[in-house]
Amino acid sequence: MRAVRMTAPGVLELAEVPTPEAGPGEVLLRVGAVGACHSDLHILDAAAGMFPTPMTLGHEIAGTVEAAGPGVDGWSSGDRAAVYGIIGCGRCRACLRGEENRCRVTPVGGIGLSRDGGLAEYVVVPASRLLHVGDMDLTQAAPLTDAGLTPYHAVELARPRLRPGTTCVVIGIGGLGHMAVQILLATTAVRIVAVDTNVAALDLASRLGAHHVVQAGPDSVDKIRDLVGPPPDGADVVLDFVGAQPTLDTARQVVATGGQLLLVGLAGGTLPVRPVADEPPTVPLETGVVVPFWGTRAELQEVVALARDGRLHADVQTFPLAEAPEAYEALRRGDIHGRAVIVP
Ligand code: NAD
Ligand code: ZN
Ligand code: ZN
């Protein structure tokens, strides 16, 4: 079969590889769609040894069951499924609570992270990772598994502060951010301020229903403060889907006293947190800082339910498998709006 593999750090190649076989408890899935996540660019950019090579990338997968391995119950050929990408140890205190995204043994274990992913014609996954999606378009189902799930989980973590009448600043309206805007609209009554450098991303945010849009630049903080109020007031919640130094610096200067910062993006910035009384604080008093990771299987089921009810829709640009490397280059240049989805 054909697969798009990271063969060495920074190198992504279309290759011919043997079609894998499902072992005990696993299924062979014919990949219907796989999202191109910005994290794949971080994986490609990571130092040698951080991720296995060669490895087929792709951790945002939906497909059709081709064959079930020995001992698999409840899944048979032709079933359509979304893939929950995390594979926790299943035994630690977090996994036992269903919080595999907090596994204490294999913290970033998963499909397309520590074993072959879905940028291929077929992928083998543990049957326990599959969720039924019925007749949903698979190019819609795939982005739910990360671009939908990760913001949903972040919103869950922030939910106690997302009361009616509060304000949430969403920074980075790309694959994750455009789903975040919809999730906030579907599950809260907050006022949404969408922030991005890219005008097309802001247009998408407006079309989706964001209440205010702000083009990021040197004056981001002033423009956002005009909308959310100056310190000690500010945004009750800031979701940063970029995580670069300018966005983290903006986030900490617009969050309200007692607010919450959720740092989802992995662009390499640092948030200074300095509890002192005799210098200007780096973050307001009582600020909560959370570094969310992906989400739980139960949350993915809720995300799928939102989509099936018509409340969550990925804005997708599709590419054939052979053009996956070009899709990632477009993502790196900022030329993808919503989510790039590869259809093998
Ligand atoms: P994306 O490329 O689709 O979207 C990023 C958006 O941020 C784009 O619209 C871009 O224009 C905007 N942007 C870039 N720099 C900006 C700046 N300085 N100010 C404002 N906006 C800016 O990326 P994505 O796939 O949505 O992923 C977003 C980030 O989240 C990535 O770093 C990714 O690795 C990370 N991620 C984290 C998790 C997790 O569990 N923590 C899960 C998935 C993705
Ligand atoms: Zn991802
Ligand atoms: Zn575990």
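Residues numbered from 1 in each chain as written. Chains lettered and ligands numbered in written order. Predicted model: local features only at pLDDT ≥ 70, side-chain atom pairs only at ≥ 80, totals over all residues. Heavy atoms only, no water.

- In the nomenclature of an unreviewed UniProt entry, the protein corresponds to Alcohol dehydrogenase, propanol-preferring from the organism Micromonospora sediminicola.
- Listed in UniProt under the heading Sequence similarities (unreviewed entry), the comment for the protein reads: "Belongs to the zinc-containing alcohol dehydrogenase family." (UniProt positions renumbered as here; feature names shortened; annotations may be inferred.)

1. Details of the overall build of the protein
Next, step 1: Of the regular secondary structure elements, the protein holds 9 helices and 16 strands.
Next, step 2: Against the compact-globule benchmark of 20 Å for 344 residues, the protein has a radius of gyration of 20 Å, which places it among compact chains.
Next, step 3: Viewed in the frame of its principal axes, the protein has a C-alpha envelope of about 65 × 40 × 40 Å.
Next, step 4: Per-residue burial over the protein gives 53% buried out of 344 residues.
Next, step 5: The long-range fraction of contacts in the protein, counting pairs at least 24 apart against all pairs at least 6 apart in sequence, stands at 70%.
Next, step 6: In the form shown here, the protein has an accessible surface area of approximately 14400 Å², with 52% of it arising from carbon and sulfur atoms.
Next, step 7: In the protein, 26 positive and 38 negative side-chain charges are present, and the distance between their average locations comes to 6 Å. (Helix = DSSP H or I, 4+ residues; strand = E, 2+ residues; numbered from the N terminus. Rg over C-alpha atoms; globule rule 2.2 N^0.38 Å. Buried < 20%, exposed > 50% of the residue type's maximum accessible area, 1.4 Å probe, protein only. Contact = heavy atoms within 4.5 Å. Areas by Shrake-Rupley, 256 points an atom, 1.4 Å probe, with all protein chains shown as cover. Lys, Arg positive; Asp, Glu negative; His and termini not counted. Charge placed at Lys NZ, Arg CZ, Asp CG, Glu CD.)

2. Notes on the coordination of the zinc ion (ligand 3)
Next, step 1: Note on the zinc ion (ligand 3): its protein donors are Cys 89 (SG), Cys 92 (SG), Cys 95 (SG) and Cys 103 (SG). The metal-donor distances range over 2.3 to 2.4 Å.
Next, step 2: Between the 4 donor atoms coordinating the zinc ion (ligand 3), the angles at the centre fall across 104 to 117°, so the site counts as tetrahedral.
Next, step 3: Summarised as a motif, the one-chain spacing of the donors to the zinc ion (ligand 3) is C-x2-C-x2-C-x7-C.
Next, step 4: Under the relative-accessibility criterion, Cys 89 is labelled buried at 16%. (Donors = N, O, S within 2.8 Å, 3.2 Å for Na, K, Ca; no water. Tetrahedral: all angles 85-135°; square planar, octahedral: opposite > 155°, others 65-115°.)

3. Digging into the packing of helix α6 (residues 220-228) against helix α7 (residues 245-254)
Next, step 1: Here α6 crosses α7 at 30°, and the two axes come no closer than 10 Å. One finds that α6 runs roughly parallel with respect to α7. The way α6 lies across α7 gives a crossing that is right-handed. On the side of α6, the interface is formed by Ser 220, Val 221, Ile 224, Arg 225 and Val 228, while α7 contributes Thr 250, Gln 253 and Val 254.
Next, step 2: Looking at side-chain class alone, the contact of α6 with α7 contains 4 nonpolar, 3 polar and 1 charged residues. (Axes fitted to C-alpha atoms, helices over the stretch in contact; angles between N-to-C directions. Parallel < 35°, antiparallel > 145°, perpendicular 65-115°, else oblique. Left-handed = near helix turned anticlockwise from the far one by under 90°. Nonpolar A, V, L, I, M, F, W, Y, C, P; charged D, E, K, R; others polar.)

4. Some points on a nonpolar patch on the surface
Next, step 1: A grouping of Val 273, Val 289 and Val 291 is seen on the molecular surface, where their side chains present a nonpolar patch of about 270 Å² in accessible area.
Next, step 2: The topology assignment puts Val 291 in the loop between β14 (288-290) and α8 (297-308). (Patch = residues over 30% accessible without salt bridge, like charges linked within 9 Å, V, L, I, M, F, W, Y side chains within 5 Å. Salt bridge = Lys/Arg side-chain N within 4 Å of Asp/Glu carboxyl O.)

5. Some words on empty space enclosed by the protein
The rolling of a water-molecule-sized probe over the atoms marks out the regions of remaining empty space.
Next, step 1: Tallied over the full model, the rule gives 1 cavity of 30 Å³ or more.
Next, step 2: Put simply, the largest cavity is a space of about 40 Å³.
Next, step 3: As for the largest cavity, its lining consists of Met 6, Pro 9, Ile 43, Ala 46, Ala 47, Ala 48, Gly 49, Phe 51 and Thr 53.
Next, step 4: Of the residues belonging to the lining of the largest cavity, the class tally is 7 nonpolar, 2 polar and no charged. (1 Å grid on protein atoms, 1.4 Å probe; cavity = no way out; pocket = protein on both sides within 12 Å on 5 of 7 lines; lining within 4 Å. Points joined across faces, edges and corners; volume = space filled by probe spheres on them.)

6. Concerning the sheet that holds strand β9 (residues 167-171)
Next, step 1: Read across the sheet, 6 strands follow the order β11-β10-β9-β12-β13-β14 without closing on themselves; strand pairing throughout is parallel. The two strands at the open ends of the sheet, each matched to only one other strand, are β11 (212-215) and β14. For this sheet the average axis-to-axis angle between neighbouring strands, irrespective of direction, equals 15°.
Next, step 2: Docked against the sheet, helix α5 (residues 199-208) engages β10 (191-196) and β11, running at close to 175° with respect to β11.
Next, step 3: In the packing of α6 onto the sheet, contacts are made with β9, β10, β11 and β12 (235-240), and the angle to β11 comes to roughly 165°. (Pairing = 2+ DSSP bridges.)

7. A short note on unusual backbone geometry
As a rule of thumb, non-glycine residues mostly have phi less than zero, and peptide bonds are mostly trans rather than cis.
Next, step 1: Along the chain, Thr 53 connects to Pro 54 via a cis peptide bond; the corresponding omega equals -5°.
Next, step 2: Along the chain, the position of Pro 54 falls in the loop between α1 (38-45) and β4 (55-56).
Next, step 3: Phi is positive for Glu 286, which is not a glycine, with a value near 65°.
Next, step 4: Along the chain, Glu 286 falls in the loop between β13 (255-263) and β14.
Next, step 5: One non-glycine residue with positive phi stands out, namely Trp 294, at about 50°.
Next, step 6: Relative to the helices and strands, Trp 294 resides in the loop between β14 and α8.

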